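# Coordinate inspection notes
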Amino acid sequence: MTVFAVNKELPEALQGLQPAPLWRFFGELSSIPRPSYKEQKVLDWLKVFAEERGLAWSQDAAGNLVVRRPGGGGGEAAPTVIIQGHIDMVTEKNADVQHDFEADGIRLVRRDGWVTADGTTLGADNGIGVCAALAVLDSPPSTPLPPLEALFTVDEEVGMTGALRLDPGLLTGRVMLNLDTEDWGDIFIGCAGGGDSALTLDLPLEPLAGAAGGWGARGFRLGGMLGGHSGLEIGEDRANALRLAARAAAAGLAAAPGVRLLALSGGDKRNAIPREAGFQLAAPDAGALEAATAAVRAAADAFRLEYGALETGLALTEEEVGVEARRAGLTPAAADRLLLLLLTLPHGVIKHSHTVPGLVETSSNLASATIKRRTPESLTVELVTCTRSSLDRALEDVRQGIARLGRAAGAAVHQDAAYPGWVPEPDAPVVHAAAAAIQGVTGKAPAVKAIHAGLECGIIGQKLPGVQSVSYGPTIRGAHSPDERVEVATVAPFYEATLALLRRLAQAA
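The paragraphs below set out a description of the structure included in this document. (Residues numbered from 1 in each chain as written. Predicted model: local features only at pLDDT ≥ 70, side-chain atom pairs only at ≥ 80, totals over all residues. Heavy atoms only, no water.)

Glancing now at the overall build of the protein chain. Helix and strand counts for the protein chain come out as 11 helices and 22 strands. Here the C-alpha atoms of the protein chain give a radius of gyration of 25 Å, agreeing with the 23 Å that 2.2 N^0.38 yields for 509 residues. With the principal axes as the frame, the protein chain shows a C-alpha extent of 85 × 50 × 45 Å. Here the protein chain holds 509 residues, and the buried ones make up 57% of them. For the protein chain, the computed accessible surface area is about 19400 Å², with 52% contributed by carbon and sulfur atoms. Looking at the protein chain, you have 45 positive and 60 negative side-chain charges, and the mean spots of the two groups are 2 Å apart. (Helix = DSSP H or I, 4+ residues; strand = E, 2+ residues; numbered from the N terminus. Rg over C-alpha atoms; globule rule 2.2 N^0.38 Å. Buried < 20%, exposed > 50% of the residue type's maximum accessible area, 1.4 Å probe, protein only. Areas by Shrake-Rupley, 256 points an atom, 1.4 Å probe, with all protein chains shown as cover. Lys, Arg positive; Asp, Glu negative; His and termini not counted. Charge placed at Lys NZ, Arg CZ, Asp CG, Glu CD.)

Encoded structure:
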């Protein structure tokens, strides 16, 4: 086992914060690159953590890791409790930030009572929950605790594939604390299921006659938008940069005869609302190019009128396009196929729940358009959508509609099996115990809710019949975007409530 050189020096942004063990582990974790599918360095770090403390660990073929601690402080004979969190993080950064998520640690910043990162996602989702579990495992032997199984799952942010491939033989517990929600003081007992769709278009290119001479081209980028978590923030009507880029490109193409679309791409992660997207237009003469440019600028002005009260950073930037890049453009029919999908694939809230006030029941996120391959003759573009619903039938109906639309536009469609939602059990004893523990810390009874985001509880619950689960966490905002931040004042009571809940469960012997 090759262990990554973890930075054990506490970052300045975390100095003086409580609880000190949790923040110390978060500082170490933040120094380790951990994009989805590439968590081996974190897994090695966790194994060393366990071995240094004499704790047993085991791992399944998917990479999920369980660290076990015996009960103590009177809880030795209590039923085993699972503490669960995922170790991967969404890797998003601002366009002007130089950061390699596979090699660089996260640069932590403390600002106005929040810990955030310098132009990238922070990884508080789910790093704070993971480090809370580590702090519990590291607590003194006399701490009143039931036997613990700390389950660290992989690849949560890319379709929960770690949980889907979890070997249930790793676990004996039938009570689970999921530490992966983001509104301190609330308890979550249900979540949406979800599934992705990938639509691949092979789009023909054709040479632009005299492109090296009379033809001109210009690149446009729409950015500065909020983006965010496609489950938690989909109901806020935030702008989708990819959709806006398609609208602007369509306006530019219609502005003058002969204008051609060279390429369009944007978005990144399946579960993040696109914050930035760009496209390039070419025109046979200067007048046509200026007309197209004026139309794109007018579209951007319209977007600011439409979204500006919320999307205060929305901006259009322009750039020149090199001669090589403008030698060939999409055929008009190919551009129409691409824009057809980008302008009509569902995005946003499809339906609110009629039984749970305020809960988004079904939604879809038009997540990304990625150029996968380019040859002199064609451009291959992959579009990804992420659909969520509390209702299995509604989820599949939307995904079937996406598939039909994709095939109608000549796209190859790939859809993995959807992951299940988590059915609420409001009367489960662990829910009442968690509510009492949180009220004991805050002095206020917590709201008991369901969430539109996906949690691993539903998947794990299918693998562990009879398991009772509850989810809670500190306050995190801007997850899945470079605005991600965790509110410092909520971390200590979150951890205190976790210890209080475990004390209660230790008394169940």
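Here the narrative resumes, following the displayed structure.
One can find V130 in helix 3 (residues 124-137). You can call V130 buried: its relative accessible area is 2%. Sequence separation of V130 and G227 is 97 residues, and the distance between their C-alpha atoms is 25 Å.

We now examine the pattern of salt bridges. Summed over all chains, the structure comprises 24 salt bridges. One salt bridge in this structure joins D268 and K269, with 2.5 Å as the shortest N-O distance. Judged by its relative accessible area of 41%, D268 falls in the partly exposed class. Residues joined in a network through salt bridges with shared partners are R24, E52, R53 and D138. (Salt bridge = Lys/Arg side-chain N within 4 Å of Asp/Glu carboxyl O.)

What follows concerns the packing of aromatic side chains. In total, this model carries four aromatic pairs according to the counting rule given. Lying across the ring of F25, R24 places its NZ or CZ 4.6 Å from the centre. (Phe/Tyr/Trp six-rings, centres within 6.5 Å; stacked < 30°, edge-to-face > 60°. Lys NZ or Arg CZ within 6 Å of the ring centre and 35° of its normal.)

All right, on to the nonpolar core then. Burial of nonpolar side chains together is a common tendency in soluble globular proteins. Counting residues in each nonpolar core, the largest one holds 71 residues, and the members touching the most others are W23, F152 and L177. Excluding anything up to four places from it in sequence, W23 contacts L10, L14, L17, Q18, V115, I128, V486 and V491. Judged by nonpolar contacts, the second largest core, of 51 residues, contains F220, A256, A369 and L383. (Core = buried A, V, L, I, M, F, W, Y, C linked by side-chain atoms within 4.5 Å. Contact = heavy atoms within 4.5 Å.)

Running from N to C, helix 5 (residues 241-253) and helix 6 (residues 286-307) cross one another at 145°; their axes reach a closest spacing of 8 Å. The two elements helix 5 and helix 6 meet at a crossing, and its hand is right-handed. Packed against helix 5, whose contacting residues are L244, R247, A248, A251 and G252, the element helix 6 presents A292, A295, V296, A299, F303, E306 and Y307 at the interface. Classifying every residue of the contact of helix 5 with helix 6 gives nine nonpolar, one polar and two charged. (Axes fitted to C-alpha atoms, helices over the stretch in contact; angles between N-to-C directions. Left-handed = near helix turned anticlockwise from the far one by under 90°. Nonpolar A, V, L, I, M, F, W, Y, C, P; charged D, E, K, R; others polar.)

The next thing to look at is the environment of L366. Here L366 is to be found in strand 16 (residues 360-374). Among the residues examined, L366 registers a relative accessible area of 0% and is labelled buried.

Another point: helix 6. Helix length check: helix 6, at 22 residues, gives a terminal C-alpha distance of 31 Å against a target of 32 Å (1.5 Å per residue), a fit within 8%. Buried residues of helix 6: A288, L289, A292, T293, A295, V296, A299, A300, F303 and Y307, and no others. Angular distribution of buried residues about the axis of helix 6 spans 160°; they occupy a single face of the element. Of the residues in helix 6, the exposed ones pointing more than 90 degrees away from the buried face are A286 and L305. Those residues of helix 6 hidden inside the fold are in contact with strand 10 (216-223), helix 5, strand 12 (277-283) and strand 13 (315-320). At the N-terminal boundary of helix 6, the capping side chain belongs to D285, with an oxygen 3.1 Å from the backbone nitrogen of G287. (Expected span 1.5 Å × (residues − 1). Arc of directions from axis to C-beta. Polar contact = N/O pair within 3.5 Å; in protein donor to acceptor, adjacent residues only side chain to side chain.)

Okay, the state of the cysteines next. By the definition in use, this model includes zero disulfides. Looking at C191, it has no disulfide partner, and the nearest cysteine sulfur is the one in C457, 6.4 Å off. Residue classification places C457 among the buried residues on the basis of a relative accessible area of 1%. (Disulfide = S-S within 2.5 Å.)

Turning our eyes to something else, we now look at the sheet that holds strand 21 (residues 476-477). One open sheet holds the four strands; their spatial order is 4-5-22-21, and the pairing between them is antiparallel. Looking along the sheet, the strands with just one partner apiece sit at the ends: strand 4 (108-111) and strand 21. Relative to strand 5 (residues 114-117), strand 4 is paired through four bridges, and the arrangement is antiparallel. Residue pairing across strands places L108 opposite A117, the latter belonging to strand 5. (Pairing = 2+ DSSP bridges.)

What follows deals with unusual backbone geometry. Here the bond from Q18 into P19 is cis, since omega is 0°, no more than 30 degrees from zero. Secondary-structure assignment places P19 in the segment before helix 1 (20-30). In this structure, M160 takes a positive phi of about 60° despite not being glycine. Secondary-structure assignment places M160 in the loop between strand 6 (148-153) and helix 4 (161-164). Residue class for M160 comes out buried when judged on its relative accessible area of 3%.

Before going further, it helps to examine the pairing of strand 8 (residues 186-191). The buried fraction of strand 8 is high, at six of six residues. Two strands pair when backbone bridges link them, and strand 8 and strand 19 (residues 447-451) are joined in this way by five bridges, in the parallel orientation. When the sheet's bridge partners are listed, C191 is paired in strand 19 with I451.

Note that every value here comes from positions in space, so none of it alone points to a role or purpose.
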